[in-house]
Amino acid sequence: MVQSNQKPHLVLLSAPAHLQPVIELGKRLVTCQDVKVTIIVASFVQSAPAESRMVQAALATKLFDVIHLPPADICNLVEPGDKGITSLSAAMHVVKPDFQAAILGLETLPTALVVHVFAIECLGIADELKIPKYVFVSTNAWFLATIVYTPVLDKEVEGEYADKKEPFALPGCSSIRAEDLPDPMLLRTKANYREFLKIGIEIPKADGILVNAWEELQPKTLASLRDGNLLGGVVKAPIFPVGPINSEGSSALKSELFDWLDKQTTDSVLYISFGSMGGLSLEQMLELALGLELSQQRFIWVVRPPIEKSGSGSVPKFGNIGDDMSSYLPEGFISRTRDRGVIVPQWAPQVEILSHPSCGGFFTHCGWNSAIECITNGLPMIAWPLYAEQRMNATLLTEEMGIALRSETLPSKGVVGREEIEKMVRKIFVDEGGRQMRARVKELKLSAETAWSNGGSSYDALAKMVKHSQKKAIEIDV
């Protein structure tokens, strides 16, 4: 039974490989609202070590309790060609009993459940516990609009979406072109599409939806999601835009890399990284290296071994075994660019690099976490989408927000040449177009800061969500 004076206790459930946004949401709930938070972590066997490190860092904040469920072994549950959302759904199915046991074992039972959108398999447990249930969409509102409208498209569109020439209309939102559709929508006969469709059907069953955007960032899309005559008629649940939800990093980080950054002029360094799972072919890596060299601009490049010899190299990976970097970069490249570039193997502290005054742009795969980190640091982007929903993110950043530019050739479809790479880099740092993008993204940075100030749109949205959960809990209890 819910006591009227009971302090809200929200349980947050992450999905494998999507832990960081859930941790950051937990921090916001504790620091901005007087609530108790418990984070329950689901992981794949292969991603568990990385998530264990995140768990330890989260526990060190002493803001909330964290329970790491036994990692899900899905090797016999998913066909080799059905990775992605199918893997996530399979993992959540495996950990569901452990998740339920973890909740029942809590000293204080939760007053509400918030599940990551890719952990929606466990949303129904809230009904068994008779508590309100919420979905956290850690990407943007346009993605949310697309996934909740997919069940409608599934009934209306015949054949493969990818074969259609005309963009797909989303009521009250920007339409989406076939080439920008999220990966699961590209083959309707695959398990990934069926799982994507299932998520679109399940989201409106939540009592509310949290999304990693803010009112000022996507006003048109958010308005549609609330309008009963537009997408609000599909979603039905209230929308709580609580972005930006992103890591702030550590200002105390010291290393040779930051000593080098300290010596560079303001807004002069391009940071290049394709995320923890993005990879390039050897052919594309050579073109990228030569394009950077031609641009004559300063850079930090996080380099991982190529995933194939030729082609685009867009298949997501969970990490690669390193070799000598000189074996897959142009001969002499490292020595020729030593005065203006730094090559970092495998991993770099991205949040801290992007927030450094010398960093002036980001060559990115367009994962939404990375895009948010860029916006909150006021940096224009070169969009290089590879997989998942990154193509639609790139279109959002370039065409709707005007804070990024992209290549003529889609990186996931073909090799982008060195001359085009040189042109894009120089446009960010030298041309008038780059100055205009920089000014626009600085405006969005300010709007993000305002959104989380006391009384700002995201600050208020989170407060409304907590109050909504309290009211809903009483209604369910009655």
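None of these values were measured; they are calculated from a predicted model.

How each quantity is defined
- Residues numbered from 1 in each chain as written.
- Predicted model: local features only at pLDDT ≥ 70, side-chain atom pairs only at ≥ 80, totals over all residues.
- Heavy atoms only, no water.
- Core = buried A, V, L, I, M, F, W, Y, C linked by side-chain atoms within 4.5 Å.
- Buried < 20%, exposed > 50% of the residue type's maximum accessible area, 1.4 Å probe, protein only.
- Domains from an automatic or database assignment.
- 1 Å grid on protein atoms, 1.4 Å probe; cavity = no way out; pocket = protein on both sides within 12 Å on 5 of 7 lines; lining within 4 Å.
- Points joined across faces, edges and corners; volume = space filled by probe spheres on them.
- Nonpolar A, V, L, I, M, F, W, Y, C, P; charged D, E, K, R; others polar.
- Pairing = 2+ DSSP bridges.
- Helix = DSSP H or I, 4+ residues; strand = E, 2+ residues; numbered from the N terminus.
- Axes fitted to C-alpha atoms, helices over the stretch in contact; angles between N-to-C directions.
- Contact = heavy atoms within 4.5 Å.
- Buried area = accessible area lost by both parts, 1.4 Å probe.
- Salt bridge = Lys/Arg side-chain N within 4 Å of Asp/Glu carboxyl O.
- Polar contact = N/O pair within 3.5 Å; in protein donor to acceptor, adjacent residues only side chain to side chain.
- Left-handed = near helix turned anticlockwise from the far one by under 90°.
- Phe/Tyr/Trp six-rings, centres within 6.5 Å; stacked < 30°, edge-to-face > 60°.
- Lys NZ or Arg CZ within 6 Å of the ring centre and 35° of its normal.

Caption draft 1: Structural context of the nonpolar core. Counting residues in hydrophobic clusters, the biggest one holds 103 residues, and the most contacted among them are F99, L144, L225, I300 and L397. Counting the residues that make up this core, at least three belong to each of domain 1 (9-247 + 451-477) and domain 2 (256-448).

Caption draft 2: Quick look at empty space enclosed by the protein. Taken as a whole and judged by the stated rule, the model has two cavities of 30 Å³ or more. Its volume calculated, the largest cavity comes out at about 80 Å³. In terms of lining residues, the largest cavity is bounded by F274, G278, G279, L280, M285, W301, V302, V303, R304 and P305. In this structure, the second largest cavity spans a volume of roughly 50 Å³. Classifying every residue of the lining of the second largest cavity gives five nonpolar, one polar and three charged.

Caption draft 3: Representation of the sheet that holds strand β8 (residues 269-273). Within the open sheet, the six strands sit side by side as β10-β9-β8-β11-β12-β13. Their pairing is parallel. A strand with exactly one partner marks an edge of an open sheet, and here the two such strands are β10 (341-345) and β13 (404-406). Recorded for the sheet is a direction-independent mean angle of 20° between the axes of neighbouring strands. For β8 and strand β11 (residues 359-364), the ladder comprises five bridges, and the chain directions are parallel. Bridge pairing in β11 links V269 to C359. Against the sheet, helix α14 (residues 390-400) contacts β12 (381-383) and β13, and its axis sits at roughly 125° relative to β13. Together, β8, β11, β12 and β13 form the strand contacts of helix α15 (residues 418-429), whose direction differs from that of β11 by roughly 145°.

Caption draft 4: Quick look at the environment of E419. Inspection of the secondary structure puts E419 in helix α15. For the pair E419 and L292, spaced 127 residues apart in the sequence, the C-alpha separation amounts to 9.4 Å.

Caption draft 5: Inspection of the sheet that holds strand β7 (residues 239-241) at higher detail. Read from one edge to the other, the open sheet built from seven strands follows the order β3-β2-β1-β4-β5-β6-β7, with strand pairing classed as parallel. Of all strands in the sheet, those with a lone pairing partner are β3 (65-68) and β7, marking the two edges. Put simply, the sheet's adjacent strands are angled 20° from each other on average, direction ignored. This element, helix α3 (residues 85-104), spans β1 (9-13), β2 (36-41), β3 and β4 (112-116) of the sheet and lies at about 160° to β1. Across the sheet, helix α5 (residues 141-156) lies against β5 (133-137), β6 (208-211) and β7, angled at about 140° from β6, the strand it touches most.

Caption draft 6: Spotlight on the domain arrangement of the protein. If you check the domain split of the protein, you get domain 1 (9-247 + 451-477) and domain 2 (256-448). Of note, the centres of domain 1 and domain 2, computed from C-alpha atoms alone, are 28 Å apart. Contacts between the two partners involve 31 residues from domain 1 and, on the opposite side, 24 residues from domain 2. Note on domain 1 versus domain 2: buried area summed over both sides is about 2200 Å², and carbon and sulfur give 57% of it. Across the domain 1-domain 2 interface, the total number found is two salt bridges. Of the charged contacts, one joins R177 and E399 as a salt bridge, the two residues approaching to 2.8 Å between their closest N and O atoms. Counting every contact that joins domain 1 to domain 2 gives 16 residue pairs in polar contact (both at pLDDT 80 or more). The biggest single contributor to the side of domain 1 that touches domain 2 is α5, with three residues. Tallied by class, the residues present in the side of domain 1 that touches domain 2 amount to 15 nonpolar, eleven polar and five charged.

Caption draft 7: Main features of the packing of α5 against helix α7 (residues 219-226). α7 packs onto α5 with a crossing angle of 35° between their chain directions and a minimal axis gap of 9 Å. The two elements α5 and α7 cross, and the hand of that crossing is left-handed. On α7, the residues touching A141, W142, L144, A145 and V148 of α5 are T221, L222 and L225.

Caption draft 8: How the structure looks around the packing of aromatic side chains. Scanning the entire structure with this criterion turns up nine aromatic pairs. Grouping aromatic residues by their ring pairs yields a cluster made of Y161, F168 and Y193. Sitting above the plane of the W452 ring, R28 keeps its charged end 4.1 Å from the centroid. Above the plane of the ring of Y161 lies R188, whose end atom (NZ or CZ) is 4.3 Å from the centre.

Caption draft 9: Looking closely at the side chain of T376. Relative to the helices and strands, T376 resides in helix α13 (residues 368-376). A distance of 3.1 Å separates the side chain of T376 from the backbone oxygen of E373, its partner in a polar contact. When neighbours within four sequence positions are excluded, T376 is seen to be in contact with P244, N246, K445 and A448.

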